[in-house]
Amino acid sequence: MKVHGVLETAIYVDDLQVAIDFYQRLFEFEIMAEDQRFCAMNAGDRSVFLIFKRGATHTAAHLEGGVIPPHDGDGPVHFAFAIEPDDFKKWEARLVADGVEIESRVSWPRGGESLYFRDPDNHVLELATPGIWPIY
């Protein structure tokens, strides 16, 4: 038995629609499911990016097939999206054109590069090319 990777990444936000608009505008993620509590977006390569309204998941979600336990989060978190090396400068230009402040740039010893910036809820996003980890 083994785990095949991280399937879902979740963040919690104050204004769900503002967050949805930000991620759709910047990344053009397809919305797979949404309601007043959350939005599930296709982040590519079998990755689901979940945006939850902060405080809206304190009670269990009863579905036809079972129950999702209560959960929530507070404070800014960090996560990274994988990008192609040839797209690094294009992503940098897209962020600038969209008025997103790039907080940091890092060139890693293995040859990878990262751009760090924040979303409307102050979460720290990273766009990273291969060469930042031994496995990526």
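Residues numbered from 1 in each chain as written. Predicted model: local features only at pLDDT ≥ 70, side-chain atom pairs only at ≥ 80, totals over all residues. Heavy atoms only, no water.

Draft legend 1. Inspection of helix H1 (residues 16-27) at higher detail. When the terminal C-alpha atoms of H1 are compared, their 16 Å separation across 12 residues agrees well with the 16 Å that a helix rising 1.5 Å per residue should span. Along H1, the residues classified as buried are Leu 16, Ala 19, Ile 20, Phe 22, Tyr 23, Leu 26 and Phe 27. Summarising the axial view, the buried residues of H1 lie within an arc of 160 degrees, below the 170-degree limit, and thus occupy one face. Between the side-chain oxygen of the N-cap and the backbone nitrogen of Gln 17 there are 3.1 Å, and the N-cap of H1 in question is Asp 15. The positive-phi residue at the C-terminal boundary of H1 is Glu 28, with phi of around 60 degrees. (Helix = DSSP H or I, 4+ residues; strand = E, 2+ residues; numbered from the N terminus. Expected span 1.5 Å × (residues − 1). Buried < 20%, exposed > 50% of the residue type's maximum accessible area, 1.4 Å probe, protein only. Arc of directions from axis to C-beta. Polar contact = N/O pair within 3.5 Å; in protein donor to acceptor, adjacent residues only side chain to side chain.)

Draft legend 2. View of the UniProt feature "domain: VOC" (unreviewed entry) in the chain. Within this structure's numbering, the places UniProt gives as "domain: VOC" (unreviewed entry) are residues 5-130. In the segment residues 5-130, helix accounts for 17% and strand for 40%; the C-alpha atoms at its two ends are 16 Å apart. (UniProt positions renumbered as here; feature names shortened; annotations may be inferred.)

Draft legend 3. Quick peek at the pattern of salt bridges. On inspection of all chains with the given rule, the structure shows nine salt bridges. Note that Asp 14 and Arg 54 form a salt bridge whose closest N and O atoms lie 2.6 Å from each other. Linking Asp 14 in the loop between strand S1 (8-13) and H1 with Arg 54 in the loop between strand S4 (48-53) and strand S5 (61-63), this pair joins segments that are 40 residues apart in sequence. One salt bridge connects Glu 92 with Arg 105, and the closest N-O pair in it is separated by 2.3 Å. Residue Glu 92 is found in helix H2 (residues 88-97), and its partner Arg 105 is found in strand S8 (residues 102-107); the two are separated by 13 residues along the sequence. You can call Glu 92 buried: its relative accessible area is 11%. Among the charged side chains, a network of salt bridges with common partners joins Asp 14, Arg 54 and Asp 74. (Salt bridge = Lys/Arg side-chain N within 4 Å of Asp/Glu carboxyl O.)

Draft legend 4. Molecular detail of the sheet that holds S8. Read across the open sheet, the four strands follow the order S7-S10-S9-S8; overall the sheet is mixed. Every other strand in the sheet has two partners, leaving strand S7 (78-82) and S8 as the edge strands with one partner each. Along the sheet, successive strands turn relative to each other by an average axial angle of 20 degrees, direction set aside. Across five bridges, the pairing between strand S9 (residues 113-118) and strand S10 (residues 124-128) is antiparallel. (Pairing = 2+ DSSP bridges. Axes fitted to C-alpha atoms, helices over the stretch in contact; angles between N-to-C directions.)

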